[in-house]
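# Structure assessment
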Amino acid sequence: MEEVIYKPLTKIMQQSLDTGVVPTDWKIANVTPIHKKGDKTEPEAALHGLLGALTSTPYSPTQHLEREQALAKQFAEILHFTLRFDELKMTNPAIQNDFSYYRRTLNRMRINNVPAEGENEVNNELANRMSLFYAEATPMLKTLSDATTKFVSEHKNLPIENTTDCLSTMASVCRVMLETPEYRSRFASEETASFCLRVMVGVIILYDYVHPVGAFAKTSKMDMKGCIKVLRDQPPNSVEGLLNALRYTTKHLNDETTSKQIRIMLQ
């Protein structure tokens, strides 16, 4: 299976990363926007549109990833941003206190009729939403996990395997690119490796939330031992945040179905 699916996909994605060029044919896709309500610019709406395009019938998830590389890259960019944002948030724990101080300062200015400088004042409704957002340990991962879970629950006619197979295939592509010297040597910089690592961890977490038994069970299509080994093979200071994401933000790690070996690898 890996020879037939993952390695050809890996070569295609590696060539695109190497050259920075997306062939015209890859940019053409039959996409049906899946927008129900609210602001179309919200992350949930954007993610639902991408997942709908990458998992809809009649094509299999693998065929979608082959046919719609531009959309797969967009999805990967969202995952990369999500993991990077939460890494920075966790290394700057004072950000919530700073924002609370900012809100208190604005309230005092309003009470005293002191005009705010410039046009960057945050209104109360947005400030409340931002405060709740920053209260989460990993706010972007929670937003993405909730949105993916909602997508699956709202599309009961779409086999759940379409979504989980899409996620597991993306994880496998990233893993193969990272663990194969031939592909790894073509990376333009270490930032490319960081990109693949974040995408791999991101799809593992989403898979763990939407699959009934999660990513760590023996029946999972995620090669968790292989993925964790890839992470462990990197410089420790560059992946500790990603390992912590697997330790503390997944849903099924502590289930009885998780093997002892995987638990030890994540210690």
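Please refer to the structure higher up on the page.
The structure contained in this document is the topic of the report that follows. (Residues numbered from 1 in each chain as written. Predicted model: local features only at pLDDT ≥ 70, side-chain atom pairs only at ≥ 80, totals over all residues. Heavy atoms only, no water.)

## Some remarks on the overall build of the chain
What counts here: Each helix corresponds to a stretch of at least 4 residues labelled H or I by DSSP, and each strand to a stretch of at least 2 residues labelled E; elements are numbered beginning at the N terminus. Only protein chains enter the accessibility calculation, which uses a 1.4 Å probe; a residue is then buried when its area is under 20% of its type maximum, exposed when over 50%, and partly exposed in between. Contact criterion: two residues are considered in contact whenever any of their non-hydrogen atoms come within 4.5 Å of each other. Accessible surface is estimated by sampling points in the Shrake-Rupley manner with a 1.4 Å probe; for residues, cover comes only from the protein chains shown.
The helix and strand tally for the chain stands at 13 helices and 0 strands. Taken from N to C terminus, the helices and strands of the chain fall in the order α-α-α-α-α-α-α-α-α-α-α-α-α. Counting over 267 residues, the chain shows a buried share of 44%. For the chain, restricting intrachain contacts to residue pairs at least 6 apart in sequence, the fraction spanning at least 24 positions comes to 69%. Total accessible area on the chain is roughly 14,800 Å²; 53% of this is exposed by carbon and sulfur atoms.

## Here's the deal with the packing of helix α2 (residues 43-55) against helix α7 (residues 139-154)
Our working rule: Each axis is a line fitted through C-alpha atoms, taken for helices only over the stretch in contact, and angles between the N-to-C directions span 0 to 180 degrees. Here is the rule for angles: anything less than 35 degrees is roughly parallel, anything more than 145 is roughly antiparallel, 65 through 115 is roughly perpendicular, and the remaining ranges are oblique. Helix crossings get a hand from a simple test, with the near helix turned counterclockwise from the far one by less than a right angle marking a left-handed crossing and a clockwise turn marking a right-handed one.
Where α2 contacts α7, the two axes come as close as 9 Å, and the packing angle between them is 50°. Accordingly, the angle class assigned to the pair α2 and α7 is oblique. Judged by the sense of rotation from one axis to the other, the crossing of α2 with α7 is right-handed. Packed against α2, whose contacting residues are Pro43, Glu44, Leu47, His48, Leu51, Gly52 and Thr55, the element α7 presents Thr143, Leu144, Ala147, Thr148, Lys150, Phe151 and Glu154 at the interface.

## Concerning the state of the cysteines
What counts here: Working definition: a disulfide is two cysteine sulfur atoms within 2.5 Å of each other.
Scanning all chains against the criterion turns up 0 disulfides. Unpaired in this structure, Cys174 has its nearest cysteine sulfur neighbour in Cys196, at a distance of 5.1 Å. Its relative accessible area of 6% is what places Cys174 among the buried residues.

## Remarks on the pattern of salt bridges
Side chains carrying opposite charge are able to pair once their charged atoms draw close together. Formally: For salt bridges, the criterion is a side-chain nitrogen of Lys or Arg within 4 Å of an Asp or Glu carboxyl oxygen.
A complete count under the given rule lists 13 salt bridges for this structure. For Lys73, the salt bridge goes to Glu77, with nearest N and O atoms at 2.6 Å. Taken together, the residues span about one helical turn, with Lys73 and Glu77 both in helix α4 (residues 69-91) at a distance of 4 residues. Take Glu77: its relative accessible area is 33%, and that puts it in the partly exposed class. Ionic pairing is found between Arg84 and Glu87, a salt bridge with its closest N-O pair at 3.5 Å.

Shape is all these values report; function is a separate question.
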